[in-house]
Amino acid sequence: MEEVAGERSNLAGVRHILLVLSGKGGVGKSTISTELALSLRHSGKKVGILDVDLCGPSIPRMFRVQDSDVHQCDSGWVPVFVDQDKSISLMSIGFLLEKPDDAVVWRGPKKNALIKQFVADVAWGDLDFLIVDTPPGTSDEHISTVEALRPYKPLGAILVTTPQAVAVGDVRRELTFCKKTGLRVLGIVENMSGFVCPHCSECTNIFSKGGGEELAKYAGVPFLGCVPLDPQLSQSLEEGRDFIQEFPKSSAFSALAQITQQILDGTSQRSS
């Protein structure tokens with residue numbers, strides 16, 4: 001990554017920046033961000049997650065580091081590491097709150113200022129991927145995030161939807177946001193795509209099926225895959241466990257591995 005404004009920035013050692021977006025809340029952006037980070041780690045990559053969902057920061061809990069503190073160094077804030085190998089590092093407003101139940105009741109300018117500070121002042125060091133987990137919508141936080149990251153040439157955005165038409169309609173607006181801001185869409189993920197019975201392996205399409213794939217065809221962007229509802233995945237996120245390592249026979253594992261491989265293939269093609 002190129003240095004910005006003649007100075008070595010805290011993002012100078014980051015090779016690829018991915019944004020995880022959706023116009024709809026509750027579709028599993030943080031789930032996809034978390035599992036993508038874990039899957040990339042198991043592929044030998046060093047990964048950071050920047051959680052810019054200021055009103056609903058869930059990334060710290062998903063890695064079971066919600067009680068960790070952020071420390072200062074000469075370069076700025078030191079991110080929270082989830083393991084001794086420092087293969088995954090996190091930054092979230094969740095680490096800065098006095099109490100975990102504190103609400104962030106801020107107007108736009110204060111939110112925007114913190115996002116810019118997150119982008120500029122976190123000492124990530126060398127990373128293969130920085131995943132930016134965003135709140136739902138296409139408002140102030142998203143514009144501030146994209147503008148702050150623009151000098152560092154993000155790789156692009158992964159859009160997350162669920163199969164039903166209401167969610168797909170909101171994600172279609174997120175595609176328009178990406179087009180207006182010049183943000184490349186790497187592909188669409190359909191999350192909660194059917195429930196696989198843990199006893200008989202039969203898949204039931206609780207929220208219908210195929211909306212994400214149809215949207216990808218409509219928009220002319222890659223469809224990265226479907227991630228089914230999986231009780232083991234939900235339990236892993238609740239307990240801060242490594243789903244990728246513990247449940248390799250799960251149908252959700254194979255879906256997440258396929259999505260990760262497409263991201264890796266895309267980055268290798270761009271760098272070759």
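Residues numbered from 1 in each chain as written. Predicted model: local features only at pLDDT ≥ 70, side-chain atom pairs only at ≥ 80, totals over all residues. Heavy atoms only, no water.

### Quick look at the overall build of the chain
Then comes step 1: When you go through the chain residue by residue, the secondary structure sums to nine helices and 11 strands.
Then comes step 2: A compact globule built from 272 residues should have a C-alpha radius of gyration of about 19 Å, and the chain, at 18 Å, falls within 12% of that.
Then comes step 3: Taken along its principal axes, the extent of the C-alpha atoms in the chain is 55 × 45 × 40 Å.
Then comes step 4: Of all 272 residues assigned to the chain, the portion counted as buried reaches 52%.
Then comes step 5: For the chain, the exposed area adds up to about 13000 Å²; of that, 47% sits on carbon and sulfur atoms.
Then comes step 6: Mean positive and mean negative side-chain charge positions of the chain (27 and 33 charges, respectively) differ by 5 Å. (Helix = DSSP H or I, 4+ residues; strand = E, 2+ residues; numbered from the N terminus. Rg over C-alpha atoms; globule rule 2.2 N^0.38 Å. Buried < 20%, exposed > 50% of the residue type's maximum accessible area, 1.4 Å probe, protein only. Areas by Shrake-Rupley, 256 points an atom, 1.4 Å probe, with all protein chains shown as cover. Lys, Arg positive; Asp, Glu negative; His and termini not counted. Charge placed at Lys NZ, Arg CZ, Asp CG, Glu CD.)

### A look at the pattern of salt bridges
Then comes step 1: Here the structure, examined in full by the defined rule, presents nine salt bridges.
Then comes step 2: Of the charged contacts in the structure, one is a salt bridge between D128 and R15, with a shortest N-O distance of 3.5 Å. Note that D128 is positioned in strand β7 (residues 127-133) and R15 in strand β1 (residues 14-21), a separation of 113 residues in sequence.
Then comes step 3: Close ionic contact of R173 with D170 constitutes a salt bridge, the shortest N to O distance being 2.3 Å. You can see R173 and its partner D170 sitting in helix α5 (residues 165-181), three residues apart, about one turn around the helix.
Then comes step 4: For R173, a relative accessible area of 52% puts it in the exposed group.
Then comes step 5: The exposure class of D170 is buried, given its relative accessible area of 18%. (Salt bridge = Lys/Arg side-chain N within 4 Å of Asp/Glu carboxyl O.)

### A look at the environment of A123
Then comes step 1: For A123, the position within the fold is in the loop between α3 (108-121) and β7.
Then comes step 2: Considering only alpha carbons, one finds A123 and S22, 101 residues apart in sequence, at a separation of 27 Å.
Then comes step 3: Among residues more than four places away in sequence, those in contact with A123 are N10, C73, S75, W77 and P79. (Contact = heavy atoms within 4.5 Å.)

### Description of the packing of α5 against helix α6 (residues 211-219)
The axes of two packed helices give the description: the angle between them and the distance between them.
Then comes step 1: Closest axis-to-axis distance for the α5/α6 pair is 10 Å, and the angle between their directions is 30°. Here α6 runs roughly parallel to α5, going by the angle between their axes. Along this stretch, α5 crosses α6, giving a crossing that reads as right-handed. Only G211, G212, L215, Y218 and A219 of α6 make contact with α5, whose side of the interface consists of V168, V171, R172 and L175.
Then comes step 2: Here the residues of the contact of α5 with α6 sort into six nonpolar, two polar and one charged. (Axes fitted to C-alpha atoms, helices over the stretch in contact; angles between N-to-C directions. Parallel < 35°, antiparallel > 145°, perpendicular 65-115°, else oblique. Left-handed = near helix turned anticlockwise from the far one by under 90°. Nonpolar A, V, L, I, M, F, W, Y, C, P; charged D, E, K, R; others polar.)

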